[in-house]
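Survey of secondary and tertiary structure
If you want the building blocks of each chain, they are given just below.
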Amino acid sequence: MGVFNVYLIGILIGLGLVRQGMCQRPQDTPSSEKPGAVSTLIEPLEMEPIFITISPLHRTIKHGSVIIEKEIQLNWNAAAHQNETFDSVALYTVDPSVYNEAKPEVLIKIADYPEGFYQTNVSIASAIFPAGWENTSETSTPEPGEHCLPFWAGTLVNDVLQFLTCLKIRPTWMHDHRDVLGHLSVLSLLLPGTHNSACYKKIDLSNIADIITENTITQDVDVWGQLVYGIRYVNLQTSYYSLKKKQRGPVDEMNFYISNDMIRIRPLLPVLQDIRRFLEISQHEIVFLDFHRFPIGMKALAHHKVLIDLIEKEFGDLAFPRPDYFLKVPTLETIWKENKRLIIFYGEEPRLAKGENRR
C-alpha cells in the first residue's frame, strides 16, 4: 500500500495544516526583495509531533500459515529528545483523553530510538470503520467528517500525556473543505490516488500460485476502504476472459475482470458497485475513475461497447458529461451543483473514435 500511503498522507497533511492555520507566513518575516517582486521564500510546514503510519509489509507466524499485516508504525520528530519537548511516545487502543485509566499498548522512551521511528506489532487488520462507514447492505447514512479508528498515539513528559492524535478516516474530506476547494478546477487539484486500485487479495503463502500472484498485488485495502480513507483517484486495468476460449458468441458483461497485466485478480462488477455505493452514501464526494489499460481479451470493438454499456448502466446518472472542448474544465462547485460526481477516463478513446475492430 505504498502508493496509497504516500498520496494520502500528502494531501491530508496539507489540508490539515491549512485548516489549522499553520501554513501562514509570519507577519514579521524580514524580506530583502524589491517592491513588487514575487517572493520565492517557501515557509516550512509544521507537522504534528507524532503521527501514525501503517506498514505495507506482512509477516507470518505458525510455520507460515498465519499472516500478520497492517501493523502500526509510530513516527515522531527525532529532534524532540535534544529539545526536551517530550521523552516518551505511546500507542493506545482506547482514547486516553476520555478514559483516564487507559493503559498504552506500547510505551517507549524516545532516547532509545533516535531515528524517530518505532515498528509495533499492533495490527489494524480487524479494525471496523467507525460512524457507519463499514461496507454493509444497511441503508442508513453514515456520519460525515473525520473519525478516529481505535488507535491513538501520544507524546508524554514524565508519564504525563502532552499531545494526542489518532488514525483517522476522512470519507467526506472534499465536501468538508468545500469553502477552500469549491472554486478550484479539477486540473488544479492534487488528488490522493492508488495504482491498480482493485489489485488486492488475501495471500495464502502455502499456495504456490498465490506466491506468484503476490507480486501483482498492489493494495492491501479494497476499493471501498480506500475511498473511506480518502482516496479519490481510482485506477483500473480491465480484461475480458471468455469461459470458453474458442466459443464465438455475444460478449458477456460478467466476464470482465480486474487484472494486473496478464494476471486475473477479481470480477469487475462488484468493484464498480462499491464505487457506486460510496458515491451514493457520501452524497457530495467526487471520484475520478480511470479505466487505464485493457491488457487481455479486449481486441474487438464489441468488447469495448459492452464494457461502456456496463459503465453507463452503473454510473450513467452520476457521471459528469464530457466537456465540449478541453479548456472548459469544471470547478468542484460546478460538479456539486450538477450532482455529477464521477469523472471517468477511458484509455481506448482514439481507437474507438476511429471505429477500428482490432488493435
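Worth saying up front: this structure is predicted, and the values here are computed from it rather than measured.

This part takes up the packing of helix H7 (residues 268-282) against helix H8 (residues 301-315). For the pair H7 and H8, interaxial distance at closest approach is 10 Å and the crossing angle is 30 degrees. The orientation of H7 relative to H8 falls into the category roughly parallel. You can see that H7 and H8 cross each other, and the crossing is right-handed. In this structure, H7 contributes Leu-268, Leu-269, Leu-272, Gln-273, Ile-275 and Arg-276 to the contact, and H8 contributes Leu-307, Leu-310, Glu-314 and Phe-315. A breakdown of the residues in the contact of H7 with H8 according to their chemical character gives seven nonpolar, one polar and two charged.

A word on H7. Along its 15 residues, H7 runs 22 Å from first to last C-alpha, staying within 8% of the 21 Å computed at 1.5 Å per residue. Within H7, twelve of the 15 residues are buried, which leaves the element mostly enclosed by the surrounding structure. For H7, the full list of buried residues reads Leu-268, Leu-269, Val-271, Leu-272, Asp-274, Ile-275, Arg-276, Arg-277, Phe-278, Leu-279, Ile-281 and Ser-282. Immediately beyond the C-terminal end of H7, within one or two residues, lies Gln-283, with a positive phi of roughly 70 degrees.

All right, on to the sheet that holds strand S6 (residues 106-109) then. Taking strand neighbours across the sheet as the criterion, the four strands line up as S6-S5-S8-S9 in an open arrangement whose pairing is antiparallel. Both outer strands of the open sheet, S6 and strand S9 (160-169), are each paired with one neighbouring strand and no more. Taking each pair of neighbouring strands and ignoring which way they run, the sheet shows an average axis angle of 20 degrees.

This part covers the state of the cysteines. Here is the idea: a disulfide is a covalent bond, and it sits between the sulfur atoms of two cysteines. As enumerated under the stated definition, the model contains one disulfide in all. For Cys-148, the disulfide goes to Cys-166, at an S-S distance of 2.0 Å. Looking down the S-S bond of the Cys-148 and Cys-166 bridge, the torsion is -65 degrees, so its handedness is left-handed. Separated by 18 residues along the polypeptide, Cys-148 in strand S8 (residues 147-157) and Cys-166 in strand S9 bring together distant segments of the chain. Under the relative-accessibility criterion, Cys-148 is labelled partly exposed at 33%.

This part is about a nonpolar patch on the surface. Nonpolar side chains collect at one region of the surface, where Val-94, Val-98 and Tyr-99 lie side by side and expose about 300 Å² of accessible area between them. Note on placement: Val-98 falls in the loop between strand S5 (88-92) and S6. Here Val-98 falls in the exposed class, since its relative accessible area comes to 54%.

Let us look at the sheet that holds strand S7 (residues 117-123). On the basis of which strands lie adjacent, the open sheet formed by three strands has the order S1-S4-S7 and antiparallel pairing. Unpaired on one side and paired on the other, strand S1 (50-54) and S7 mark the two borders of the sheet. Across this sheet, the average inter-strand angle for adjacent strands is 30 degrees, counted without regard to direction. Of the pairings in the sheet, the one linking S1 to strand S4 (residues 71-76) comprises five bridges and is antiparallel in character. Bridge assignment links Ile-50 to a residue of S4, and that residue is Trp-76.

Conventions and cut-offs
- Residues numbered from 1 in each chain as written.
- Predicted model: local features only at pLDDT ≥ 70, side-chain atom pairs only at ≥ 80, totals over all residues.
- Heavy atoms only, no water.
- Axes fitted to C-alpha atoms, helices over the stretch in contact; angles between N-to-C directions.
- Helix = DSSP H or I, 4+ residues; strand = E, 2+ residues; numbered from the N terminus.
- Parallel < 35°, antiparallel > 145°, perpendicular 65-115°, else oblique.
- Left-handed = near helix turned anticlockwise from the far one by under 90°.
- Contact = heavy atoms within 4.5 Å.
- Nonpolar A, V, L, I, M, F, W, Y, C, P; charged D, E, K, R; others polar.
- Expected span 1.5 Å × (residues − 1).
- Buried < 20%, exposed > 50% of the residue type's maximum accessible area, 1.4 Å probe, protein only.
- Pairing = 2+ DSSP bridges.
- Disulfide = S-S within 2.5 Å.
- Patch = residues over 30% accessible without salt bridge, like charges linked within 9 Å, V, L, I, M, F, W, Y side chains within 5 Å.
- Areas by Shrake-Rupley, 256 points an atom, 1.4 Å probe, with all protein chains shown as cover.
- Salt bridge = Lys/Arg side-chain N within 4 Å of Asp/Glu carboxyl O.

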